[in-house]
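Commentary on secondary and tertiary structure
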Amino acid sequence: PETVYLRDYTAFGWQAQDVHLTFRLAPHATRVVARIHFAPNPDAPAQDFFLHGEELKLIRAAIDGTEVTPELTDKGLTCPVPSGPFLWECEVEIDPASNTALEGLYMSNGMYCTQCEAEGFRKITYYPDRPDVMSVFTVRIEGDEPVKLSNGNPGKSGDGFAEWHDPWPKPAYLFALVAGDLVNHPGSFTTASGKKVELNIWVRPGDEGKCAFGMEALKTSMKWDEEVYGREYDLDIFNIVAVDDFNMGAMENKGLNVFNSSCVLASPETSTDANFERIEAIIAHEYFHNWTGNRITCRDWFQLCLKEGLTVYRDSQFTSDMRSSPVKRISDVIDLRGRQFPEDQGPLSHPVRPESFQEINNFYTATVYEKGAEVIGMLRRLVGPEAYSKALDLYFDRHDGDAATIEDWLKVFEDATGRDLTQFKRWYSQAGTPRVTVSEDWQDGTFTLTFSQMTPPTPGQDDKQPQVLPMAVGLLSPNGDEVVPTQVLEITEAEQSFTFEGLGARPVPSINREFSTPIVLERDSSAEEKAFLLAHDTDPFNRWEANRALARDCALDMILTGAGPNVAWLDGLEAVLRDDTLDPAYRALMLAGPGASELAQVLHERGHTPDPEAIYDMGETLTQFMAERWVDLLPKLLAETRVTDAYRPDAEQSGKRALGAAALSLTTRLDGGAAAQAQYDAADNMTLQLTALMQLVKSGNGEAALQAFYDQWQHDRLVIDKWFGLQIMGLPPGQAVERAQALTQHPDFTMTNPNRFRATLGAVGGYHAAFHRKDGAGYALLADKLIALDDINPQTTARMCSLFQTWKRYDADRQALIRAQMERIMAKDKLSRDTSEMVGRMLS
Ligand code: HT7
Ligand code: ZN
């Protein structure tokens, strides 16, 4: 397959002045008629007229009314064109009903829908399918479907047709069309400047009762973006559509966001607290793209982090404002370490702005999204919140309507603040996670911290330069008072010292507060010092971090030396758990120890080969020990976290349920599932029902409840997704793979629905001890199903192949087993470009 390079960027030779599309819908033979005015682009080099196009049947093409016969390949067409402006007309036929890849125009449960990012529009018509070609679209949809939607504002409609006009120039990846038998949950929003906007959430009949939360989240997001970023909505209408078959979470098409139904539909009976929080965040994320992504888009796909990193950063600010800021930050860091660090430290490592790709869909990664957001957070910390706001205002003023680059983005900050960001730019070009060591010195009232940074080599990048690290640090006196409040040390050198003078006693440093820079901190501090920070740190993130480090050290000791649990740490943790002035959500995070993959990663970093069985056994021993030690505490926590008010998915109630779930999990170790059964029987919301069901499965007494749950919810596909995943995750590793295998034969299992596939196979892949079973059964099951999925849906196959990315951490036998499965995937006949690139990178 061809590799595309950032350095080869050239502008397209023509501007698309306007685009008129007519769709005559038919499941297997939809006709798409395009009329486009092209004019030469004076800023582009001379080139042939090439339009992307894949899987299209060309019916007719004409230039200025004269039929032409373009030269066709499987990538697109070329055609001689006049030297001046001209009208391009083209009719193609496509087959949405056979489109299981879910890119371009496809059908889901009888509904027509589109997914065009990144390069799906070329499966709809011949077009310069690249984000720097922006145009004004007018769309006419013809068909019997009662609801027919596209981008922008509605135009004429009548018997069997509907027209839409989007006045804002946009790239083709933001095009969308939806048509089907849909019902809407209506709403409205009046912007700060007094414009009334019609809002709708469109769903399949029967799902109307699951829209109210999403609608409120949308209105809250619209208000927040006005108040915090000064950004108003810019059309008369904003539509959201829920679609069952969808490759990712949601898509920010201009004025017509399309959502995976799991990311918008919610009700207390069918959705968990975590679902509600995720839905709120995704609705906000897609809405925020209206400015960061749509009004200002990307020049090319290498600039993806320009819109994704910034929009993730904006949605995390939003969640912080709506819920608890420390809890959000801790959750984000857990996610970063769990998904982005393994990517950054393994064979799939790439810079936040990649420099080459074969298949762009493979670069919608945790590095581009989450590390991309961390980079924005660092920038804001370096310049301060006021300068950040000033820079953002300048960005919107200067680049509205542009297809921009990271250079444009950084220049705005340089111009707004007078800073030179040349070195900071390395965060965009250098892959890998910096490792930072710290040494301390104390003399005559002066405390010195010396930081050394080093980034290990990553594929294609052997030599790394020092990066700018905004390191937030505070100092505590030995009695626990904060003697130096948080300040940001700007580390720019490979080794750099900072002094603090005039101190009465040697302080205890609290380093990288709020995880101000996304690094691995290698600091050998004593257990006493960590316990001190756990008890006294005023930074809630670092207080949690101290506990996490103690938990990790305890786990590693148990695994490597056969030691028993560290009771000093458990006593410190118990004091936190008993402190009912602390937010229950925060205490729940304290109680959740590092997961098995995190421990495997740490073992590997410290030069040990992780043994998945030993990690699992340690987890079992430690959990049992905690349960027995806290036999008095657990009933107190269960009582304290009981919610008597009507269900609300807000931070307060969901925090209580999270702590209650952790307490129930320990209680089940002692009572064999009695409390879980009582909770299951009394549950009036999905959060309580599901946490109880999980404990029943874990206790070994879950089969009857699993059947009852299935009988109760078999009509609800999103709940049944949970049922598929939960039983795999709750069973012991020795049974989970076989259960997953059996579930793939269940009548409700389907390969064509990514949610169902991910719920089942993703549950095996995410279950460390099951996936890494010594006999290789986990690897074999994944490979079997990924090979089968590749013909159906290459994008989802390729994404899920990344489950193998950490393979080199493990022992030689496991490595050989995984390698054999990856080679089997590579040997598949007609392997997609998506999967071949991913597995190829992991094998190289
Ligand atoms: N910008 C979108 C990314 C995306 C996508 C979404 C759904 C299906 C396929 C997709 N390919 C790329 C989603 C976002 O980041 O907001
Ligand atoms: Zn996004």
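The residue numbers shown here count from 1 along each chain, following its written sequence. Note on labels: chains are lettered from A, ligands numbered from 1, in written order. Two thresholds apply to this predicted model, a pLDDT of at least 70 for residue-level local features and 80 or more for giving and counting side-chain atom pairs, whereas whole-chain, interface and lining totals are computed over all residues.

Moving on, we come to the overall build of the protein. By the criteria applied, helices consist of DSSP H or I runs no shorter than four residues and strands consist of E runs no shorter than two, each listed in order from the N terminus. For the protein, the count of helices and strands is 27 helices and 31 strands. With C-alpha atoms as the basis for the radius of gyration, the globule rule is written as 2.2 Å multiplied by the number of residues raised to the power 0.38. A compact globule built from 844 residues would reach a C-alpha radius of gyration of about 28 Å, and the protein, at 27 Å, matches this within 12%. Dimensions of the protein along its principal axes, counting C-alpha atoms only, are 85 × 65 × 60 Å. Residues are called buried when their C-beta atom has 20 or more other C-beta atoms within 10 Å, exposed when it has 12 or fewer, and partly exposed otherwise; all C-beta atoms are positioned from the backbone. Evaluated residue by residue, the protein yields a buried proportion of 50% over its 844 residues.

Here we take up the nonpolar core. Here, a nonpolar core means buried Ala, Val, Leu, Ile, Met, Phe, Trp, Tyr and Cys residues linked by C-beta atoms lying within 7 Å of one another. Of all hydrophobic cores here, the largest spans 119 residues; its most connected members are Val178, Val241 and Val258. The element that contributes the greatest number of residues to this core is helix α5 (residues 366–383), accounting for 10 residues. Taken together, domain 1 (4–279) and domain 2 (297–429) each give at least three residues to this core, which thus spans both. Our contact criterion uses C-beta atoms placed from the backbone: two residues qualify when those atoms are within 7 Å. Once residues lying within four places of it in the same chain are set aside, the contact partners of Val258 are Cys113, Gln115, Ala176, Val178, Val241, Val243, Ala250, Met251 and Asn253. Counting residues in hydrophobic clusters, the runner-up holds 96 residues, among them Ile330, Val508, Met590 and Met626. For the domains described, the bounds stem from an automatic or database domain assignment.

UniProt positions are given in the numbering used here, feature names are shortened, and annotations may be inferred rather than shown by experiment. Mapped onto this structure's residue numbering, the UniProt feature "domain: Peptidase M1 alanyl aminopeptidase C-terminal" (unreviewed entry) falls at residues 528–843. In the segment residues 528–843, helix accounts for 73% and strand for 0%; the C-alpha atoms at its two ends are 43 Å apart.

What follows is about the sheet that holds strand β21 (residues 256–260). Within a sheet, adjacent strands bond to each other through the backbone by hydrogen bonds, running parallel or antiparallel. With mixed pairing, the 5 strands of this open sheet are ordered in space as β17-β18-β19-β21-β20. Each having just a single partner strand, β17 (183–190) and β20 (250–251) make up the two edges of the open sheet. Here a strand pair is declared whenever DSSP counts at least two bridges between the two strands. Pairing geometry for strand β18 (residues 196–203) and strand β19 (residues 237–243), over 5 bridges, is parallel. Bridging from a neighbouring strand, Glu198 pairs with Ile237 of β19. Packing of helix α1 (residues 212–229) onto the sheet brings it into contact with β17, β18 and β19, and relative to β17 it is tilted by some 25°. The axes are straight lines fitted to the C-alpha atoms, using for helices just the contacting stretch, and the angles between their N-to-C directions are given from 0 to 180°.

Moving on to the domain arrangement of the protein. Each assigned domain of the protein is listed here: domain 1 (4–279), domain 2 (297–429), domain 3 (436–516) and domain 4 (714–844). With centres defined by C-alpha atoms, the gap from domain 1 to domain 4 works out at 32 Å. We call Asp, Glu, Lys and Arg charged. Ala, Val, Leu, Ile, Met, Phe, Trp, Tyr, Cys and Pro are nonpolar, and the rest, Gly among them, are polar. Broken down by class, the residue content of the side of domain 1 that touches domain 4 amounts to 4 nonpolar, 6 polar and 3 charged.

Here we take up the confidence of the model for the protein. Residue-level confidence of the predictor is what pLDDT reports, using numbers from 0 through 100. Confidence in the prediction of the protein, expressed as mean pLDDT, is 98, and 100% of residues score 70 or more. Both scores are available for the predicted complex, with the pTM at 0.99 and the ipTM at 0.97.

To continue, consider helix α24 (residues 777–790). The terminal C-alpha atoms of α24 lie 20 Å apart, and with 14 residues this matches the ideal 20 Å at 1.5 Å per residue to within 8%. Of all the 14 residues making up α24, 10 are buried; the element is thus mostly covered by neighbouring parts of the structure. Listing the buried residues of α24 in full gives Ala777, Gly778, Tyr779, Leu781, Leu782, Ala783, Lys785, Leu786, Leu789 and Asp790. The span you would expect from a helix comes to 1.5 Å times its residue count less one.

So, on to the sheet that holds strand β8 (residues 76–78). With antiparallel pairing, 3 strands are arranged side by side in an open sheet as β4-β8-β7. Taken across any chain shown, the strands that pair with only one partner, and hence form the sheet edges, are β4 (50–52) and β7 (71–72). Pairing analysis gives 2 bridges linking β7 to β8, with the strands arranged antiparallel. Bridge pairing in β8 places Leu72 opposite Leu77.

It is worth spelling out the UniProt feature "domain: Peptidase M1 alanyl aminopeptidase Ig-like fold" (unreviewed entry) in the protein at this point. In the numbering used here, UniProt assigns the feature "domain: Peptidase M1 alanyl aminopeptidase Ig-like fold" (unreviewed entry) to residues 432–523. Helix makes up 0% of residues 432–523 and strand makes up 53%, while its end C-alpha atoms are separated by 19 Å.

Below, the discussion takes up unusual backbone geometry. Following Glu117, the chain continues into Ala118 via a peptide bond in cis, with omega recorded as 0°. Its identity is not glycine, yet Asn109 carries a phi of approximately 50°, on the positive side. When you line up the elements, Asn109 lands in the loop between β10 (104–108) and β11 (111–115). Given 14 C-beta atoms within a 10 Å radius, Asn109 is considered partly exposed. In the Ramachandran plot, Lys830 falls in the positive-phi region, its phi being about 55° despite a non-glycine side chain.

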